[in-house]
Amino acid sequence: MGIKGLTPLLKRFAPSCLINRPIDFLKGKKISFDMSIYFYKILYSPMVAEKNLNLNALIDFIQQNDIIPTFVIDGKISDPAKAPELYKRMLKKKQIEHEYSTLMEAKERQAMTVSNLSNIIYSIVDIISNDKAQLDYNIKLKDTVSELESFLSVDKNRSYVISKRLSSSYFKDEKEIYENLSPILFDLNIIINQLCEKKSDSVISQLTDYNTQLSNTYNTLLKLNDQTSYRLDLLLPRFSHNVQKLENFFFEIAKQKGLEVVVSNGADSEMICARLSDHSLLTPNSSKKLSSVSAFNSFKSISVCGGYASASEDLDVLAFGGNKLIRSFGLDVKSVLEIDRLIALDELGLSHQQFIDLCILCGTDFTGKIPGVAKISAYNLIKKYGSIENILNSPKYVQKKDQIKSIMDYESVREIFSGHNRPFSSTIASPRII
């Protein structure tokens, strides 16, 4: 979850709030880590084969750099305000799974076509290099060409889904390759028939020309097949891996290393990180029964004091009131990006409440936004009118106010970001491993 377009907005209007820090700068500083972000970064990375080892290495990297971490984990009970976004994520996961299966079929088609093309190309080379035409060899070549021609004839009726997804461009490229290949195979069949009757210099010359075209098609299709395989590697982690297994492994590591962990139930982990980076104090409800969740049996409740910043890729931390956000943190990084909310407010010329309104106008995962209003126009509107209420009462939007309010529940989102009526002492389990 995040605020759409906020980073480029800050880069343009509040550049001083974006500070590149060497990793050594974090030495001795207490940082709260929004671990759900790092779990998914590890799971989604096709470059990380062994997920558990990578997570263990990340924690070792934090400790080796003398960073004092508090790890914030989403509990079993999610924030009800996240329900619409979680539903959208579920649908997106299903779409990705469908895209993966469709691409897998495409990969198999491409591999079969590449194999047949390879056989045809080498057969033609053998025929050209021999002094005499071998009838059985020519018939075998003709059968291979006819088989591939028949496949392409059936395949042309297959529907290609056109979308903005990268996979769609692969399907279109594949279709174009097959459309160009069909007439070549048709002509090649005619030449092979001539070859079966009599081998001549003109027939060999034509075979040579067509073999060059087939070789070019082969190389193009082979490249597309490699791209398809790479895309499959990217998509697979996005629906096949179970984050719960990685979380369970994290708790095992936390127990071994004695890490400080906060488990958030019914509240945003980004909100907890924001409170911690605001030097607040989290005190769990002593009546909270951690034994109700088996993974937390080894914990005891403590109070957790705030620290320097929150490490997350989620800009919601700033909307929740976190003073400093650390982005681009990962295994073996040399530097990170620090975003200072207080500097941002000063350069933007906004109060924190106006900043929340700006975030809502930019777009959050909690509600819709005003159609046609992007980050720059959102900032200009807040600077001119001061609040969403004033914007909706302005001449441009007053007649659309009810319609906009039906898709943008800004009052509820304000409460979410402001923490009103959200007593996290009763919803947060704040454990430390013993």
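Look above for the structure.
Per chain, residues are indexed from 1 in the order of the written sequence. Note on the predicted model: pLDDT of at least 70 is required for a residue's local features to be given, and 80 or more for side-chain atom pairs to be given and counted; whole-chain, interface and lining totals, by contrast, use all residues. The side-chain values count all of the structure's non-hydrogen atoms but skip hydrogen atoms and water molecules.

1. Let's talk about the overall build of the protein chain
Helix and strand content of the protein chain: 17 helices and 12 strands. Working definition: with a 1.4 Å probe on protein chains only, accessible area under 20% of the residue-type maximum means buried, over 50% means exposed, and in between means partly exposed. When the 434 residues of the protein chain are sorted by exposure, 48% land in the buried category. Residue pairs in contact within the protein chain that sit at least 24 positions apart in sequence constitute 77% of those at least 6 positions apart. In these tables, accessible area is a Shrake-Rupley quantity obtained with a 1.4 Å probe, and a residue counts as shielded only by the protein chains included in the view. Approximately 21200 Å² of the protein chain is accessible, and the part contributed by carbon and sulfur atoms is 51%. Working definition: helices are DSSP H or I runs of at least four residues, strands are E runs of at least two. Numbering for both runs from the N terminus. Pairs of residues are marked as contacts when any of their non-hydrogen atoms sit within 4.5 Å.

2. A word on helix 10 (residues 269-277)
With respect to burial, helix 10 is a largely interior element, nine of its nine residues being buried. Taken together, the buried positions of helix 10 are occupied by S269, E270, M271, I272, C273, A274, R275, L276 and S277.

3. Structural notes on helix 14 (residues 375-385)
Three or more residues of helix 14 are buried, namely A378, Y379, L381 and I382. Take helix 14 and look down its axis: the buried residues cluster within an arc of 160°, on one side only. In this structure, the buried side of helix 14 is in contact with helix 1 (6-13), helix 12 (341-348), helix 13 (352-362) and helix 15 (388-392). Phi turns positive, to about 90°, at G386, one or two residues after helix 14. Picture the helix axis, draw a direction to every C-beta atom, and the arc is the one those directions span.

4. Here we look at the nonpolar core
Side chains of nonpolar character tend, in soluble globular proteins, to be buried together. Core analysis: the biggest nonpolar cluster contains 50 residues, and L6, L358 and I370 have the highest contact counts within it. With seven residues, helix 13 is the largest single contributor of residues to this core. Residues contacting I370, with those up to four places away along its chain left out, are L361, I391, L392, Y397, I404 and M408. Residues belong to a common nonpolar core when they are buried Ala, Val, Leu, Ile, Met, Phe, Trp, Tyr or Cys residues joined through side-chain atoms within 4.5 Å.

5. Here's the deal with the side chain of N323
As for its placement among the helices and strands, N323 is situated in the loop between helix 11 (316-319) and strand 9 (324-327). Polar contact criterion, stated in full: a pair of N or O atoms within 3.5 Å, where within protein one must be able to donate a hydrogen and the other to accept it, and residues adjacent in sequence count only if both atoms are side-chain atoms. Of note is the side chain of N323, whose polar atom sits 2.8 Å from the side chain of R341.

6. Here we look at the pairing of strand 3 (residues 68-74)
The buried fraction of strand 3 amounts to five of the seven residues, a majority that puts the element mostly inside the structure. Pairing geometry for strand 2 (residues 30-34) and strand 3, over five bridges, is parallel. Residue pairing across strands places D34 opposite V72, the latter belonging to strand 3. Two strands form a pair only when DSSP identifies at least two bridges running between them.

7. Some remarks on the pattern of salt bridges
Salt bridge, as used here, is a side-chain nitrogen of Lys or Arg placed within 4 Å of a carboxyl oxygen of Asp or Glu. In the structure shown here, the tally under the stated rule is 13 salt bridges. Across the pair E313 and K41 runs a salt bridge whose closest N-O atoms are separated by 3.8 Å. Linking E313 in the loop between strand 8 (309-311) and helix 11 with K41 in helix 2 (residues 35-44), this pair joins segments that are 272 residues apart in sequence. The exposure class of E313 is partly exposed, given its relative accessible area of 23%. Across the pair K324 and D340 runs a salt bridge whose closest N-O atoms are separated by 2.6 Å. In this pair, K324 sits in strand 9 while D340 sits in strand 10 (residues 335-340), placing the two residues 16 residues apart along the sequence. Accessibility expressed as a relative area gives 18% for K324, which makes it buried. Taken together, the salt bridges that share partners define one network made up of R21, K324, E338 and D340.

8. Description of the packing of aromatic side chains
In this scheme Phe, Tyr and Trp rings, the latter by its six-membered ring, pair at centre separations within 6.5 Å, and the angle between planes marks the pair as stacked below 30 degrees, edge-to-face above 60, and tilted otherwise. Here the structure, examined in full by the defined rule, presents 13 aromatic pairs. Here F39 and F250 contribute two aromatic rings whose centre-to-centre distance is 5.8 Å and whose plane-to-plane angle is 70°, an arrangement assigned as edge-to-face. Taken together, the residues span a long stretch of sequence, with F39 in helix 2 and F250 in helix 9 (residues 243-257) at a distance of 211 residues. Of the residues examined, F39 reaches a relative accessible area of 1% and is grouped as buried. When its relative accessible area of 0% is taken as the criterion, F250 is described as buried. Against the face of F25 rests K29, its NZ or CZ located 4.2 Å from the ring centre. Consider the ring centre and the ring normal. A charge sits over the ring if Lys NZ or Arg CZ is within 6 Å of that centre and within 35 degrees of that normal. Positioned above the aromatic ring of Y308, the side-chain terminus of K29 is 5.5 Å from the ring centre.

9. Points about the packing of helix 12 against helix 13
Structural elements are reduced to axes, namely lines fitted to C-alpha atoms, with helices fitted over the stretch in contact, and the angle between N-to-C directions of any two is expressed from 0 to 180 degrees. Two elements in contact, helix 12 and helix 13, have axes separated by 10 Å at closest approach and are oriented at 90°. As far as their axial angle goes, helix 13 and helix 12 are roughly perpendicular. Contacts between helix 12 and helix 13 involve R341, L345 and L348 from the first element and H352, F355 and L358 from the second. When grouped by side-chain class, the residues that make up the contact of helix 12 with helix 13 number four nonpolar, one polar and one charged. Roughly parallel means an angle under 35 degrees; roughly antiparallel means over 145; roughly perpendicular covers 65 to 115; every other angle is labelled oblique. Following the grouping adopted for this structure description, the nonpolar residues are Ala, Val, Leu, Ile, Met, Phe, Trp, Tyr, Cys and Pro, the charged ones are Asp, Glu, Lys and Arg, and the polar ones are all others, Gly among them.

10. Considerations on the pairing of strand 10
Burial within strand 10 is extensive, with five of its six residues counted as buried. Bridge count for strand 1 (residues 18-22) against strand 10 is five bridges, and the pairing is antiparallel. Counterpart to P22 in the pairing with strand 10 is S335. In this structure, strand 9 lies alongside strand 10, joined through four bridges in antiparallel fashion. The partner of R327 across the bridge, within strand 10, is L337.

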